[in-house]
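Here is what each chain is made of, one letter per residue.
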Amino acid sequence: MTDAGNTEKARRPMSPRRKRYWIALGLAGVLGGILGAWMQATQDDPSTIGLVLISNAPLTPTFAIGASVIWIVGMIVSLLLYHRAVDDHEERAYLWAGTAAWYTLTLSAPTWWVLARAGLAPPADAMLLFLGALVVNAVVWLWLKYR
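**Student:** Would you mind going over the pattern of salt bridges in detail, with residue names and values included?
**Tutor:** Following the criterion strictly, the structure yields one salt bridge and no others. Across the pair K145 and E90 runs a salt bridge whose closest N-O atoms are separated by 2.6 Å. In this pair, K145 sits in helix α5 (residues 126-146) while E90 sits in helix α4 (residues 88-117), placing the two residues 55 residues apart along the sequence. The two residues K145 and E90 agree in class, both being buried.

**Student:** Go over the packing of aromatic side chains with me, naming the residues and quoting the values.
**Tutor:** This model, assessed by the stated rule, comprises three aromatic pairs. Judged by centre distance (6.5 Å) and plane angle (80°), the rings of W71 and F130 are edge-to-face. Separated by 59 residues along the polypeptide, W71 in helix α3 (residues 61-85) and F130 in helix α5 bring together distant segments of the chain. By relative accessible area, W71 is classed as partly exposed at 43%. Considering the side-chain rings of W141 and Y146, the 6.3 Å spacing of their centres and the 80° angle between planes classify their relative orientation as edge-to-face. A residue is classified by how much of its surface remains accessible, and W141, at 17% relative accessible area, is buried. Directly above the aromatic system of W143 lies the positively charged group of R147, at a separation of 5.1 Å from the ring centroid.

Reading the values: the criteria
In this numbering scheme, every chain counts its residues from 1 along its sequence in written order. Two thresholds apply to this predicted model, a pLDDT of at least 70 for residue-level local features and 80 or more for giving and counting side-chain atom pairs, whereas whole-chain, interface and lining totals are computed over all residues. The basis for every side-chain value is the complete set of heavy atoms in the structure, and neither hydrogens nor water enter the calculation. We count a salt bridge whenever a side-chain nitrogen from Lys or Arg sits within 4 Å of a carboxyl oxygen from Asp or Glu. What counts as a helix is a DSSP run of H or I of at least four residues, what counts as a strand is a run of E of at least two, and both are numbered from the N terminus. Relative accessibility under 20% of the residue-type maximum defines a buried residue, over 50% an exposed one, and the middle range a partly exposed one, all with a 1.4 Å probe and only protein chains included. Two rings belonging to Phe, Tyr or Trp (six-membered ring only in the last case) form a pair when the distance between their centres is within 6.5 Å. Interplanar angles under 30 degrees mark stacking, angles over 60 mark edge-to-face geometry, and anything in between is tilted. Look at NZ for Lys and CZ for Arg. If either is within 6 Å of the ring centre and within 35 degrees of the ring normal, a charge sits over the ring.

Okay, structure coming up:
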């Protein structure tokens, strides 16, 4: 394709579906950033800067309630927008990625729990299990979407 063709393609307006797609991803990113910044701001110990998301330090009740509400409402809205905007290819990638993440969780959570009960591992950490499933989800989704 020539440079003129690339320039023309770049100036083409975004379709409504593509706009919804980027709005959904942007909304999820902004909400995540707000929650992360708010969580960090509520910490009393300056030595935990940057570590608050992976620590098990106590949170203030106000933050916990607010973050829970923002997480649930924000995820519902952004997921509804996202699912209205995806095409068949991305939907298939997303469904396989979710399945892989679910399998990761169903394998790792009971295994960790049993090992912890036998004193062979520390107590199971729900957030680490969740983050592990998210990593698997992201890797599978990226691979299927962009291969």
